[in-house]
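Residue-level structural notes
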Amino acid sequence: MRFSPEQIIGFTRRLKLITHNMSHETIYQYIWRDKRNGGSLWTYLRQSSKQRRKRYNAYDSRGRLAEKRHISERSSIIETRTTKGHWEIDTVHGRGSNHCIVTLLERKTGYVLIGKSKDKSTASVNKRIISMINKSALIFKTITADNGTEFHQYKKVEKACGVRFYFATPYHSWERGSNENVNGLIRQYLPKIESMSNMTQQQCNRISDILNTRPRKRYDYKTPKEMYFGI
C-alpha cells in the first residue's frame, strides 16, 4: 500500500492491530537489512532528491498579472485550517510531452483531487478545473495557486464555479506547503522521468483514491477521506 514506516506504526496502533512495542525505526532496520541481502523493499520508500536553488535579490517576472489577489489578502480563518472549502492548486508534469495533471488539495482535511489535462494552456487547465469542481460535489470557497501562467485565466473559473482565487508569493513554495507535499506523494506513481501522454482520468482517480485512504500523521493517522466525510 506504500505507507511509510511511520504511517504503518501510527495506523496499526490507532486500530489496535499490534499489541507489542514496535517503532517505525524497527521497520527501517528490517528494510535496510533486506537491502543488504539483495532485497527490494527499499524501493517502496518515498525518495526525495529535489534540489532547491536559493535566489538572492533576483527580479521575478513570473505571475505579473493585474488585479491578482495576493495570498496576504486571504481571510485569516483560512490559515487556521478549521473550515472546509479552501483549496491549493498546482500542475504536475512528466517528460517528453505537454500532458500534465492538475492537483487540488483541501487544506483542512488533506483531501485531494487529480485531473488529467492534455497540456498546460489556460484553456485546457481551466476546462479540467471546472470539470473537477462541478463533478466532485465538494465545498469550494477559495483556491490558492502559484504564479504559473496556466492560472492566468483564473477569472473564468471564478465566474463558472463561484470560487475566489489567491496567488502565493513567487518562489515561496511553503505558502502552499500542503499541495507541494501531496505532489511529492503523487510522484510515487508518476515519476518525473515518465511521460503522462498515456495517462487517463481513471488512473488519476485511482491515485487520488489511494492517497485519500492513506493514514496521515498530522491527522492522528486518520485518512483524508475520514477527515473530510467523517467516516
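Residues numbered from 1 in each chain as written. Predicted model: local features only at pLDDT ≥ 70, side-chain atom pairs only at ≥ 80, totals over all residues. Heavy atoms only, no water.

**Quick word on the side chain of T144**
- Topologically, T144 is positioned in strand β4 (residues 142-145).
- With residues up to four places along the chain from it excluded, the contact list for T144 reads I71, R74, W87, E88, I89, Y166, A168 and R176. (Helix = DSSP H or I, 4+ residues; strand = E, 2+ residues; numbered from the N terminus. Contact = heavy atoms within 4.5 Å.)

**A few points about the nonpolar core**
- Residues I89, F140, I143 and F165 are the most contacted members of the largest nonpolar core, which totals 22 residues.
- For this core, the elements supplying multiple residues, two or more each, are β1 (86-93), β2 (100-106), α4 (122-136), β4, α5 (154-161) and β5 (164-167).
- With four residues, the single largest contributor to this core is α4.
- Ignoring sequence-local partners within four residues, the contact set of F140 consists of G85, W87, L104, L113, I133 and V163.
- In terms of nonpolar packing, the next biggest core, distinct from the first, is built from 15 residues, V92, L185, L190 and M199 among them. (Core = buried A, V, L, I, M, F, W, Y, C linked by side-chain atoms within 4.5 Å. Buried < 20%, exposed > 50% of the residue type's maximum accessible area, 1.4 Å probe, protein only.)

**A look at the packing of aromatic side chains**
- For the coordinates displayed, the defined rule picks out eight aromatic pairs.
- Measuring from ring centre to ring centre gives 5.8 Å for F3 and F11, while their planes differ by 85 degrees; the resulting arrangement is edge-to-face.
- Ring centres of Y154 and F165 lie 5.8 Å apart, and the angle between their planes is 45 degrees; on these two criteria the pair is classed as tilted. Taken together, the residues span a long stretch of sequence, with Y154 in helix α5 and F165 in strand β5 at a distance of 11 residues. Summarising the burial analysis for this pair, Y154 and F165 share the class buried.
- Cluster of aromatic residues (ring-pair linked, three or more members): Y111, Y228 and F229.
- Above the plane of the ring of W42 lies K35, whose end atom (NZ or CZ) is 4.2 Å from the centre.
- When the ring centre of Y228 is taken as reference, the NZ or CZ atom of K84 above it lies at 4.3 Å. (Phe/Tyr/Trp six-rings, centres within 6.5 Å; stacked < 30°, edge-to-face > 60°. Lys NZ or Arg CZ within 6 Å of the ring centre and 35° of its normal.)

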